[in-house]
Amino acid sequence: MKLNEIANKPGSVKSRTRVGRGIGSGKGKTGGRGVKGQKSRSGVAIKGFEGGQMPLHMRLPKRGFNSPNRKTFVPVNLGRLQAAIDAKKLDAKKPITIDVLRDAGLVNAVKDGVRLLAKGELKVKIQIEVTGASEAAIKAVEAAGGSVTVAVAAASAEA
């Protein structure tokens, strides 16, 4: 095999349709746009237009506020931690950090950090370091004899 013999499989590459290239091409004259009207011309912007009636997205009230610089935390529940310890994915004797949680498969894309939540039950003593934790989660970990270290205090106060 030589470089000049390499080719794509037949039918794998489809050439784009060249419109408006003569009546014999099958896509000539109006170029597949039909006849007349706004949509036959370039620069059409009628998505959401309701014929002069106030569009639905403008009739509905604006609600709430989305902060452009809000923090996004990945939640981890105590029940999931206990299940991972039972399945031998986590070692309860070693400190549990965000990297350990990622390696164990409990969190995927850590955006601004991990927040520990109290859903579920924790039966073993653990030492965990997270970005944020709920008060109930901290109490539950301390009741089991463990400790929670909140890495960034400002982030947990906002969440």
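The rules behind each value
Residues numbered from 1 in each chain as written. Predicted model: local features only at pLDDT ≥ 70, side-chain atom pairs only at ≥ 80, totals over all residues. Heavy atoms only, no water. Helix = DSSP H or I, 4+ residues; strand = E, 2+ residues; numbered from the N terminus. Buried < 20%, exposed > 50% of the residue type's maximum accessible area, 1.4 Å probe, protein only. Arc of directions from axis to C-beta. Contact = heavy atoms within 4.5 Å. Pairing = 2+ DSSP bridges. Core = buried A, V, L, I, M, F, W, Y, C linked by side-chain atoms within 4.5 Å. Salt bridge = Lys/Arg side-chain N within 4 Å of Asp/Glu carboxyl O. Patch = residues over 30% accessible without salt bridge, like charges linked within 9 Å, V, L, I, M, F, W, Y side chains within 5 Å. Areas by Shrake-Rupley, 256 points an atom, 1.4 Å probe, with all protein chains shown as cover.

Engineer: Before we move on, could you go through unusual backbone geometry and cite the residues and values that matter?
Structural biologist: Even without being glycine, Lys-36 reaches a positive phi, approximately 50 degrees. As for its placement among the helices and strands, Lys-36 is situated in the segment before helix 1 (56-59). Here the phi dihedral of Lys-88 falls at roughly 65 degrees; this positive angle occurs in a residue that is not glycine. Looking at where Lys-88 falls in the secondary structure, it is placed in the loop between helix 2 (78-86) and helix 3 (98-104). The exposure class assigned to Lys-88 is exposed, which follows from its relative accessible area of 74%.

Engineer: Account for helix 2, with residues named and values stated.
Structural biologist: When helix 2 is considered as a whole, its buried residues turn out to be Leu-78, Leu-81, Gln-82, Ala-84 and Ile-85. Projected down its long axis, helix 2 carries its buried residues within an arc of 160 degrees, all on one side. Of the surrounding elements, those touching the buried residues of helix 2 are strand 1 (74-77), helix 3, strand 2 (114-117), strand 3 (127-130) and helix 4 (135-143). Positive backbone phi, at 65 degrees, marks Lys-88, one or two positions downstream of helix 2.

Engineer: Account for the sheet that holds strand 4 (residues 132-133), with residues named and values stated.
Structural biologist: What links the strands of a sheet is backbone hydrogen bonding, and the strands pair in either a parallel or an antiparallel sense. Read across the sheet, 3 strands follow the order 1-2-4 without closing on themselves; strand pairing throughout is parallel. The open sheet has two edge strands, strand 1 and strand 4, and neither has a second partner. Sheet topology places strand 2 next to strand 4; 2 bridges connect them, and they run parallel. Looking at strand 4, one finds that Leu-116 is bridged to Ala-133.

Engineer: Please set out the nonpolar core residue by residue, giving values where relevant.
Structural biologist: Residues Leu-81, Leu-90, Leu-101, Leu-106, Leu-116, Ile-126 and Ile-128 are the most contacted members of the largest nonpolar core, which totals 24 residues. Secondary structure elements with two or more residues in this core: strand 1, helix 2, helix 3, strand 2, strand 3 and helix 4. When neighbours within four sequence positions are excluded, Ile-128 is seen to be in contact with Leu-81, Ile-96, Leu-116, Ser-147, Val-148 and Thr-149.

Engineer: Explain the pattern of salt bridges residue by residue, including any values.
Structural biologist: Evaluation of the coordinates by the stated rule reveals 2 salt bridges. Note that Glu-50 and Arg-59 form a salt bridge whose closest N and O atoms lie 3.5 Å from each other. The partly exposed category is assigned to Arg-59, whose relative accessible area is 42%. The salt bridge partner of Arg-102 is Asp-99, with a shortest N-O separation of 3.1 Å.

Engineer: Go over the environment of Glu-142 with me, naming the residues and quoting the values.
Structural biologist: Secondary-structure assignment places Glu-142 in helix 4. Taking the relative accessible area as the measure of exposure, Glu-142 reaches 48% and is therefore partly exposed. Between the C-alpha atoms of Glu-142 and Ile-126, which are 16 residues apart in sequence, the distance is 8.9 Å.

Engineer: How would you explain a nonpolar patch on the surface if you had to name every residue and give the values?
Structural biologist: There is a patch of nonpolar side chains on the surface, built from Met-1, Leu-3 and Ile-6 and spanning about 460 Å² of accessible area. Relative to the assigned elements, Leu-3 resides in the segment before helix 1. Given the relative accessible area of 77%, Leu-3 is considered exposed.

Geometric values such as these leave the question of function open.
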